[in-house]
Structures are given as structure tokens and as C-alpha cells.
Amino acid sequence: MLISTLSSLFFSCPKLLRHLRLKGKYTYQDSMSRSQMCEVVLENYSQNASGVLQTLRRSLIEPWVHPTTAAEALTTNTTSPSSTSTTSSPKSTPSTTTSTSSSTTSNANPNSTTISAPLLISGFNFGTGSSREQAATSLLAAGVPLVVAGSFGDIFKRNAINNGLICLECPSLVDYLTSTYSTQLEGGRRSAGAGNGVMICDSAKAHNANADNNMSSSGLKLDLEVDMAEGVMMLSEGKKETGVVFGIFFFLQLGRYAFDLGKNLDITVDDVTSWTHNVNAAHFCPQVTALYPQSSVNAETWTEFGELLETEKFKTLAIEKLSGLIQIPSESYDNMPPPGQDPRWETMGQVHDYLAVAFPLIHSTFSLAKVNTYGLLYEWTGSDASLKPYLLAAHQDVVPVNPDTLDTWIYPPYSGFYDAETGLIWGRGTSDDKASLTGIMLTLETLIGKGWTPKRTVVLAFGFDEESSGIHGAKTLGKALEEIYGRDGLAFIVDEGGGFKDVYGTIFATPGVAEKGHADIKVEVTSPGGHSSIPPAHTTIGYLASIISELEQNPFPVELARGTVPHDTLLCYAAHGHDISPRLKHAIFKSTHCDAALHRVEDLYVSKDHWYSSLVGTTQAVDMIYGGVKANALPESAYAIVNHRINTVSSVNETAAHDTQTIASLARSFNLTLKAFGEDIIPASAYSSSESKGHIELSQAFNHELEPAPRTPTSGKGSEPWDFLSGTIKATYAAHRNLGGVDGSNIIVSPGMSTGNTDTKYYWNLTRHIFRYNHKNGAYGGEIATGVHTVNENIPLDHYLEMIRFFSTLILNADEAKSFE
Ligand SMILES: [Zn+2]
């Protein structure tokens, strides 16, 4: 059971409050039944209150019914229970505000702990003067399980506890609603003790908030969710102009009150505190159910494929295919000339020859184009040309093995050795990225072998220099793909990227849906040379040292921003992480609307996690330095190259401007002129010729700067491919562990990001839906899977098999998906 939420917050203004001072005329009628109470509840506030409540209830899919009332309804029309004296509603002090709300959590899962019901929101001292129990029970009878108020009268509160009506004190919510929607006094404040105690609402703002759960004609829709476990309420205000705005309000956790309540309702404190636990999750990090192939052919193929994965024969085959590819040292190096001008590329030719032999069915079935000699572009043409094709990407190249480290490899890097005892496959490229490449190929080869054919065209693109920026491989592949399929011609792309892992006791998959930008900025200092026996105070190297020091003392601010992927990931952690601390969780939820909370999350989490802070902010690292040629000659020039990874809400220009600004004041203090990116910042005219000591020039070092990637949609309209991928991940995860079921709650899928770039930086024009995801345990071996880009790279066989299961599920699901076009 879960107390939750209301929507279409009903504002009574001002009718409901007009009769605050009237005494309930039923106060001394002891014979009223629950259904009679239901009819007259709040009647002294408004003749219409009962009707409003019932309208709200009718708008709910399964409105909550108080157990006693439900039992009474079963024995219809029997005479009323005894001992019922009644006041029809709680009475309040003149300053009380009352409003009524209804709930619409449409969670029809019978195991769910969610309930939906109208809630009552009031002002301060709610219930004062109502000594009778019926002030509480009449609300329960009317289907109201929970009242939120600024404060409660003590006797009323005790009666509420005794009868299982939940009372929550949340003055901040009351204040907020009052100041936002009341117009009696300037500034929208409710007057304390004013006149007859009526709160006057701005009816244009509020009166149309209606019970049918649609936005009213005024464009306003209010929902409130109550998380009993965390002592937090979330108010969402849907407005036509601004969309949905969230507000978080805290109340004291139930504590003793929950205990008393539990005693009276014959439920445990745990039950009470678990109420509404999943409600926030739905808002902050919505999840889809697991997605399995549906058509009989696809479903059967998928089941058979799954069974095949378990067989020793298939395992041996899978090991053999990957091991063979590992044995080709297809290394790519920085700054290589194009293919044809450097013999080191020729190992890619060996990759091609190997693939042709290892996957003969693919090579007799698919079309294959070689782009810029070594880029591989396969197409398996589907039978239905109206369906948008999709792309599976991987790269053929690997990071070079440093010869000095050879003796630290447990098995030689190009052995492709499988150790049956540990279940590990060893070698450079096992993890990055040849298991993906082989996994895609083996999945497709197996599907062809089964006689399966696609409706939707499958495209494969395998670059050959991902590890050295992709300018020969993915860049030319991207152009070729755009020529063939057109701009936005693909349904989605899956390339290497984030995996899944345990965070806060919950398994999260984090497909990359954004990428940081990139800029290498060259800082060059020049000044007259000369003999070093009569040196100036600073040489160019000395100036450069000061500049580097200045840059390092002025790093880019690490500021978490709403709507960014790192913030969305944290929202998912907060919504679904089992063991996340309540403090952090509250701060994260609250950060959706409160800047102070956003900074608290920076303090509590971002700044404590170096990887995360690198993800959030623009980074800088001075990676190269050059200066001087001779010990006795003053260096005429010296330069450094500063590598930047640009945060997703910044830009190349902003990054360049930050560096320029940081260096400018230093330049002035040294009497150096400054030119930045073609613009004179401190011109020669700033100094007399005798004052001027030299010149600083800032420029883009290699002209390969990159803006942050466009973000893949993960919610709202256009997020169908994301939902499709999420469902596929959930199905794969569950199937691989025999967990069964379709609810997909074993693994949570969250928008994710990584600190680096992939080949997809050249694929932006092909689709808005780019997913950087490897379906494997990213926690294996720490933050970076063991051995990636270093010694002893390996992959557990089981991880590799799960990747194959992922691709088979993805391919069969993609063939059925209807919502990509
Ligand atoms: Zn890679």
C-alpha cells in the first residue's frame, strides 16, 4: 500500500471556506453511517465539498477506499453502525486554508504499493476545535487517506492517528501554495486571521484546475506526490507556457507517528515507510518494461538463440572467433598519414581477410563497401524499404601495446588466449572493441544460419582509427553513410560506450546519450632571442611556465546543470538507488528546482568523485610542451598544448574565451601582447617598444576542435528509440540471468555519458538517436574495464556471451519496432 499523489489540485476559492465558523450540524448525531458521513463531509465549508471529492475520486483509475467503508458498502443498506456521533468536518481557525486534491497514479499492478486518492491540503491548526473522532473518520469515509496542513490541532491529530488518517505537517507547501495562488494581499499572501478567514485565490490561476486530470482552460495542472519513506512531497505544476515545474517540500518523517499509525492499522512501520516509494522514481527516472520479440518467428528465433548461447559448442565457436581477431595486431597510432601512405595500416587488411573467412554467410549475404580502403560498411538489406535502417558500429583498431610493458602481460597481448579455469579471454582489443565487433558479426552469422531474414535493413560500420581520433575511418564512413542513407536517414545507432554496474545497491545501465566537446589549444610565447649570458628576467619558457601555472590555478568551474546528462543520471540514482543516503537523495530531488540544492549536490557528490567532476565540468590538461634548442641560447619561442574536454552545456568558443581571459591579465603584468584565435586582445600599441617584452598567441592546435554532441532524446516525444533500447537492455539482462518477467526492474536504465569521444562524433547527421553502449558489466575491473588501453586487457567469456545475447535481442526487436519512422 502506498499513499501517493494527487493531481488536478482543487482550489476551493473562496466558496469552500466561506462557512468556516459554522458548527457542523451533525456533530451530535451519533447514528450516522460511513456512507452518510461521506455525503456530508466538509459540508460546513462548502455544500459542494462532497461532490467535489467524489468527482475527483471518479477521475482515478482505482481510487482508494477505506477498508471499513468498503466492508460497509458490501452489506449495502443495512442500518447504520452504532456509536457514530459526527461532526461533518474538522473545524479550523479563521486563518485556515483548505483545498482538495485528487490523485491519479495509474499504477494498476496489484503488487504495487501505490494508492491513489483525493488528498486534503489545509492551512494551520487544522482540526482545532474538532474533538470528535468523526472529524477524522468522515474524511476516511469520503476516501481521503491523508491531510496535509501547516499544523494540526492536537485532539484532532490524536483522533486521526487512532483511526488511521494520515496527517502530515508541511508548512512550506502551505506557504508556497498560499503565496502562489492567493491574491488577497499584495504579494499573494494570505492574511493572518483576516475577516472571515477566507483565502481568496486568483481564480484565473486556480479555479479551473479540474478533476478530470486534463489541463484546465487556464493551462494549470497541479500534482502532488507524497513519499512517506523519505519525508518529501513533490509538487508538479503543469503550465501551458512553461511545461511542468517541480517543487520539493519536506515534512518530518513519520517516526513515532508511523508507529502509532501502524499499530492502529495493523500494519508494520516498514509498510508505512515504504508507501509511495516508487512514485518519485516514475517522475524523475521513468522506466519501461522489458521488450521481447513478439512475432512468432522472432520470438522463436530469440528463444532458440538464447538456448544456443548456453551450449558448449557455441561457446567454443564464440571464443574461437574473438581469439582469431585478437591475434591480428591492428594498432592505430596518432597522426598517421592516410591509408596507402603508411604500411602500419596494412594490419587492417588482415582483419578484412580474417572476417571474410570467419563469417562466410555474412560475406555471401550482405553487401560490403570498403571506404577509404579500410573502413568496412556492410548492409543487410531488409524486405521492407519503408522501414528506416539502423546502424551497429564498432572499430577494428586497438591501442598500441607499449613494447616496454610486454613482460607485464600475463598472456601475450596478441595471443587471444582463453583460460578455461578463470573463464577469461586475454589480449589487446578483447574489451575495446573487438568483442563488440565479433559479437555483432557472430550474432548476424548465426541468424543467417537459422534462415532468419530482416524486414528492416541492418547496417554495420567498422572504423579503423577510433583510437587515434577517427579522421581516416569514421570520418569518411560518416560521409559515405550520409550519401547512402541521407541526413537523419537512420533509425538509431549503437556504438561502443557505457555499460551497466551496481550503484547504491541497484544495477544501472547507462547508455551514453551525449558526448563532451573537445579542443586542443596551443599557447605560444615568442620574444627576442639572444645569448643566455645576458638574459632578461624571463625567457619565453619562463613566461610559459607562469601561464601554465595561471591556467592550473584557474580551472573551469564544475557546475552541475539541470537538464544535463550528469544531472539526469543522478536523478536516476536518487530515484532507484536502494542504498543512497536520504540526505543526498533529498538534495538531488530538490536540485530540480532549487539552486542551493544543486550546489549541495555538487558538494555532496560531484566534488567528491573525480570521474564525475570531470564529466560535469570542462577539463583542462597541459599535455604537451616545447621550447628551447640549446643550453646557451635564449629560446625565441616556447609553446604548450592544453587539452580540453568541453562540458555539454558549453562550447568551443566559451572554452577559448576562458583561456584567453585567464591569460590576458597575466600578459599585461608581463608587458606581453596577446592575440587569441585571430583577434588582437592586447595589441602592440598597448606598450611602447621599450616596454614590450614579447607576444603570446593562442590558437586551435590541430583544427579538430569539436562541439559537444547533440543530446539523444530520452524522454517525451521522440524518445521511442531510447525506450526501445531500454526495453532491450532489460530483456537481455533478465534473460541472461534467468530472472524472467517483463517488469524490467532488475536493471534500471539511465541516461549516461562518458568522459571521452567515440567514432559517433562523425555520425551526428545520420540520426538524433545515438547510443554509446556496450551491454557488459562496467564495474568489472573498476571504473575502466580491466586492461582497456593498458596491460592485461581481458574479457570474461560470460560478459562476451551476454553482449551477443544483447545484439540478438536488439536485432530481433528492431525488426518489429514501429515507432522509428
Ligand atoms: Zn573503443
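Higher on the page you've got the structure.
About the criteria used
- What you see as residue numbers is a count from 1 along each chain, following the sequence as written.
- Only residues with pLDDT of at least 70 get local features here, since the model is predicted, and only at 80 or more are side-chain atom pairs given and counted; chain-wide, interface and lining totals rely on the full set of residues.
- Values reported for side chains reflect all heavy atoms of the structure, with hydrogen atoms and water molecules removed beforehand.
- By definition, any uninterrupted DSSP run of H or I lasting at least four residues is a helix, any uninterrupted run of E lasting at least two residues is a strand, and each is numbered from the N terminus.
- Per-residue accessibility, obtained with a 1.4 Å probe over protein chains only, is compared with the maximum for each type, and a residue is labelled buried under 20%, exposed over 50%, and partly exposed between these values.
- It only takes one pair of heavy atoms within 4.5 Å for two residues to be counted as in contact.
- The term polar contact refers here to a pair of N or O atoms within 3.5 Å; inside protein, the definition further demands a hydrogen-donor-capable atom paired with an acceptor-capable atom, and it admits residues adjacent in sequence only when both atoms are side-chain atoms.
- Whether two strands pair comes down to DSSP finding at least two bridges between them.
- The axes are straight lines fitted to the C-alpha atoms, using for helices just the contacting stretch, and the angles between their N-to-C directions are given from 0 to 180°.
- Donor atoms: N, O and S within 2.8 Å of the metal, or within 3.2 Å for Na, K and Ca. Because water is excluded, sites can look incomplete.
- Labels for metal geometry use angle windows, namely 85 to 135 degrees for all angles of a four-donor tetrahedral site, and for square planar (four donors) or octahedral (six donors) sites opposite donors over 155 degrees apart plus all others within 65 to 115; sites meeting none of these are irregular.
- Among buried residues, the Ala, Val, Leu, Ile, Met, Phe, Trp, Tyr and Cys ones that are joined through side-chain atoms within 4.5 Å form a nonpolar core.
- Salt bridge, as applied in this entry: a Lys or Arg side-chain nitrogen positioned within 4 Å of an Asp or Glu carboxyl oxygen.

Chemist: When you look at the environment of Leu797 in this model, what are you seeing that I'm missing?
Modeler: As for its placement among the helices and strands, Leu797 is situated in helix α24 (residues 797-814). Overall, the relative accessible area of 8% leaves Leu797 in the buried class. With 374 residues separating them along the chain, Leu797 and Gly423 place their C-alpha atoms 5.6 Å apart. Not counting residues up to four positions away in its chain, the partners in contact with Leu797 are Lys315, Ile319, Tyr418, Gly423 and Ile425.

Chemist: Would you mind going over the side chain of Glu793 with me for this structure?
Modeler: Along the chain, Glu793 turns up in the loop between β24 (770-777) and β25 (794-796). Polar side-chain contacts of Glu793 include one of 3.0 Å to the backbone nitrogen of Ser431. A distance of 2.9 Å separates a polar atom in the side chain of Glu793 from the backbone nitrogen of Asp432.

Chemist: Sorry if this is basic, but what is going on with the sheet that holds strand β19 (residues 637-646) here?
Modeler: Adjacent strands of a sheet form backbone hydrogen bonds with each other and so pair up, either parallel or antiparallel. Spatially, the six strands line up as an open sheet ordered β18-β19-β17-β22-β20-β21, and their pairing is mixed. A strand with exactly one partner marks an edge of an open sheet, and here the two such strands are β18 (619-627) and β21 (679-682). On average, adjacent strands in this sheet sit at an angle of 20 degrees to one another, irrespective of strand direction. For strand β20 (residues 672-676) and β21, the ladder comprises three bridges, and the chain directions are antiparallel.

Chemist: Explain the coordination of the zinc ion to me, please; I cannot follow it from the model alone.
Modeler: Perfect tetrahedral coordination of a metal by four donors corresponds to 109.5 degrees between them, and perfect octahedral coordination by six donors corresponds to 90 or 180 degrees. Listed as protein donors to the zinc ion are His395 (NE2), Asp432 (OD), Glu496 (OE) and Glu496 (OE); their distances from the metal cover 2.0 to 2.7 Å. Classification of the site at the zinc ion rests on its four donor atoms, whose angles at the metal span 53 to 146 degrees, yielding the label irregular. One chain supplies every donor for the zinc ion, spaced along it as H-x36-D-x63-E. Placement of the pair is His395 in strand β11 (residues 390-395) and Glu496 in strand β15 (residues 493-503), with a sequence separation of 101 residues.

Chemist: What exactly am I supposed to notice about the side chain of Thr660 here?
Modeler: Take Thr660: it is sitting in helix α22 (residues 652-669). Residue classification places Thr660 among the buried residues on the basis of a relative accessible area of 10%. Separated by 2.7 Å, the side chain of Thr660 and the backbone oxygen of Ala656 make a polar contact. Filtering out sequence-adjacent residues up to four positions away, Thr660 remains in contact with Leu674, Ala676, Phe677, Ile681 and Leu698.

Chemist: What is the right way to read the nonpolar core from this model?
Modeler: It is characteristic of soluble globular proteins that their nonpolar side chains tend to be buried jointly. Leu355, Leu460, Phe492 and Tyr800 are the most contacted members of the largest nonpolar core, which has 101 residues in total. If one sorts the elements of this core by residue count, α24 sits on top with eleven residues.

Chemist: Sorry, what's going on with the environment of Gly718 here?
Modeler: Following the sequence through the fold, Gly718 ends up in the loop between β22 (694-700) and α23 (720-736). Sequence separation of Gly718 and Ser819 is 101 residues, and the distance between their C-alpha atoms is 9.0 Å. In contact with Gly718, not counting residues within four places along its chain, are Pro713 and His769.

Chemist: How should I be thinking about the sheet that holds β25 in this particular structure?
Modeler: What the three strands build is an open sheet, ordered β12-β13-β25; its pairing is antiparallel. Of all strands in the sheet, those with a lone pairing partner are β12 (418-419) and β25, marking the two edges. Pairing of β12 with strand β13 (residues 424-426) involves two bridges; the strand directions are antiparallel. Bridge pairing in β13 links Asp419 to Leu424. Packed on one face of the sheet, helix α15 (residues 430-449) meets β13 and β25 and runs near 55 degrees to β25. Strands in contact with α24 are β12, β13 and β25; relative to β25, the strand with the most contacts, it is inclined by about 75 degrees.

Chemist: Can you walk me through the pattern of salt bridges in this structure?
Modeler: It is possible for side chains bearing opposite charge to pair when their charged atoms get close. The tally for this structure, following the rule as stated, stands at ten salt bridges. For Glu304, the salt bridge goes to Lys450, with nearest N and O atoms at 3.1 Å. Pair noted here: Glu304 is in helix α11 (residues 296-309) and Lys450 is in the loop between α15 and β14 (458-463), with a separation of 146 residues, a long-range link. Note on Glu304: relative accessible area 35%, which makes it partly exposed. Take Lys450: its relative accessible area is 34%, and that puts it in the partly exposed class. Taking the shortest distance from any N to any O, the salt bridge between Arg772 and Glu515 comes out at 3.1 Å. Taken as a pair, Arg772 in strand β24 and Glu515 in the loop between β16 (506-509) and β17 (517-526) lie far apart in primary sequence, 257 residues in all. Across the pair, exposure class does not vary: Arg772 and Glu515 are buried alike.

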